[in-house]
Amino acid sequence: MSTAMPAAAKRVGAGATVRQTMTLAWRSLVQIKHNPWELLDLSIQPIMFLLLFTYVFGGAISGSTGDYLQFALPGLLVQNALFYTLSTAIGLNTDITKGVFDRLRSLPIARTAPLAGRIIADTFKQVWAFALLVGFGMILGFRVTTSVAGLIGALALLVVVSLAMAWLSVLIGLKAANPEKVQMIAFSTMMPLTFTSSALVPSQTFPGWLEAWSNVNPVTHLADAIRALLIGGEVAQSAMISLLWALGFVVVFAPLAIRVFRNHA
């Protein structure tokens, strides 16, 4: 009887881990052309939200669609980035429920490669969605009134914080029984956070008790920081609080998600 170590149990070097991670990241990106619904979520849905909020609610909220577009687009960037973390959760859950993880762990690859590959792929998708929304917003009349550095800083901050908050979605995706439950649980978590923040309306218009919550809501601080980086205003405090919230999400949810992931891997 052979005593050879199973391929999946062999230690994988750092270089091989990087190659395997990038291969699985590419797999996640290539899947878009085979999955029209993901393309809809990534490209068309954000534009629909932008048009809806600008031209249906903009006049009532700001008195002018142009003024509201300047205020709301940074908030919509945040909302879209956080909602897109659902894709990470659903993708992981689909791979688990369809047995993809079972096939991957039988191969001589790093155990972290499937999770890291999906996170890297979703980072590229976040960059694409950011560029798409800002570009389409400029067609409608939005203007970056700060600088190119402000635009790049807004993208960097948005990616860092949304990926940190994505650990909560990852945990949900690993624990839920099926993709439908992932979507229900994660959406029920993200929707109250975004709509009780200053992403789409000024917090000062809320009732007192809701304004108090909005002022500590992590989405409020992220939206305010992105808004300041794109159109001007105080950046440092909101950005620092956003990064502290991001650190908190990583510290709390990353170890839990990784523990559950190792059980699957």
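In this numbering scheme, every chain counts its residues from 1 along its sequence in written order. For a predicted model such as this one, the threshold for reporting local features is a pLDDT of at least 70, and the threshold for listing and counting side-chain atom pairs is 80 or more; totals across whole chains, interfaces and linings nevertheless cover every residue. As a rule here, side-chain values cover all heavy atoms of the structure and leave hydrogens and water aside.

Looking now at the nonpolar core. Within the largest apolar cluster, 44 residues are counted, with the highest numbers of intra-cluster contacts made by Leu-73, Leu-77, Val-78, Leu-157, Leu-158, Leu-222 and Ile-226. Numbering goes from the N terminus for both helices and strands, where a helix is a DSSP run of H or I of at least four residues and a strand is a run of E of at least two. Ranked by residue count, the leading element in this core is helix α3 (residues 65-97), at 13 residues. Note on definitions: a residue-residue contact is assigned when non-hydrogen atoms from the two residues lie within 4.5 Å. If we ignore the near neighbours within four places in the chain, the residues touching Leu-73 are Leu-50, Tyr-68, Leu-133, Val-134, Gly-137 and Phe-142. Residues Val-100, Ile-109, Leu-171 and Ala-257 belong to the second largest nonpolar core, which totals 18 residues. Each nonpolar core is a collection of buried residues, namely Ala, Val, Leu, Ile, Met, Phe, Trp, Tyr and Cys, held together in the definition by side-chain atoms within 4.5 Å. Using a 1.4 Å probe on the protein chains alone, a residue whose accessible area is under 20% of its type maximum counts as buried, one over 50% counts as exposed, and one in between counts as partly exposed.

Moving on: the pattern of salt bridges. Definition used for salt bridges: Asp or Glu carboxyl oxygen within 4 Å of a side-chain nitrogen of Lys or Arg. For the structure shown, the criterion picks out two salt bridges. For Asp-122, the salt bridge goes to Lys-125, with nearest N and O atoms at 3.5 Å. Within this pair, Asp-122 and its partner Lys-125 are both found in helix α5 (residues 113-140), separated by three residues, close to a single helical turn. Taking relative accessible area as the criterion, Asp-122 reaches 3% and is therefore assigned buried. Residue Lys-125 is classed as buried on the basis of its relative accessible area, which comes to 2%.

This paragraph deals with the packing of α5 against helix α6 (residues 148-175). One can describe the packing of α5 onto α6 by two numbers: an axis separation of 10 Å at closest approach and a directional angle of 135°. For the element pair α5 / α6, the angle class is oblique. Considering the relative orientation of α5 and α6, their crossing is right-handed. The residues of α6 that touch α5, namely those facing Leu-115, Ile-119, Thr-123, Gln-126, Val-127, Phe-130 and Val-134, are Leu-151, Ala-154, Leu-155, Leu-158, Val-159, Ser-162, Leu-163, Trp-167 and Val-170. Classifying every residue of the contact of α5 with α6 by side-chain character gives 13 nonpolar, three polar and no charged. An axis is simply a line fitted to the C-alpha atoms; with a helix, the fit covers only the stretch in contact. Between two such axes, the angle follows the N-to-C directions and lies from 0 to 180 degrees. Any angle that falls under 35 degrees is termed roughly parallel, while one over 145 is termed roughly antiparallel, one within 65 to 115 roughly perpendicular, and all others oblique. Handedness of each helix crossing follows the sense of rotation of the near helix against the far helix: counterclockwise by less than a right angle gives left-handed, clockwise gives right-handed. For this classification, Asp, Glu, Lys and Arg are treated as charged, while Ala, Val, Leu, Ile, Met, Phe, Trp, Tyr, Cys and Pro are nonpolar and the rest, including Gly, are polar.

Attention now goes to a nonpolar patch on the surface. Judged by side-chain polarity, Met-240, Leu-244, Leu-247, Val-251, Val-252 and Leu-256 come together as a nonpolar surface patch covering roughly 570 Å² of accessible area. Note on placement: Val-252 falls in helix α10 (residues 236-264). Judged by its relative accessible area of 46%, Val-252 is partly exposed. Every patch collects residues that have over 30% relative accessible area and no salt bridge, joining them within 9 Å if they carry like charges and within 5 Å if they are nonpolar side chains (Val, Leu, Ile, Met, Phe, Trp, Tyr). Every accessible area reported is derived by Shrake-Rupley at a probe size of 1.4 Å, with residue values counting cover from the shown protein chains alone.

As a note on interpretation, predicted positions should not be read in detail where pLDDT is low. Mean pLDDT for the protein: 85, with 93% of residues reaching 70 or above. Highest mean pLDDT in the protein belongs to helix α9 (residues 218-231) (95); lowest belongs to helix α4 (residues 100-104) (73). A score between 0 and 100, pLDDT records how confident the predictor is in each residue. Within the model, pLDDT remains below 50 along residues 1-9, and this stretch shows six contacts once partners closer than five positions in the same chain are excluded.

This paragraph deals with the UniProt feature "transmembrane region" (unreviewed entry) in the protein. The feature "transmembrane region" (unreviewed entry), as given by UniProt, occupies residues 39-61, 81-101, 127-145, 151-172, 184-201 and 239-261 in the numbering adopted here. In residues 81-101, helix accounts for 90% and strand for 0%; the two terminal C-alpha atoms are 26 Å from one another. The span residues 239-261 is 100% helical and 0% strand by assignment, and the distance between its end C-alpha atoms comes to 30 Å. UniProt positions are given in the numbering used here, feature names are shortened, and annotations may be inferred rather than shown by experiment.

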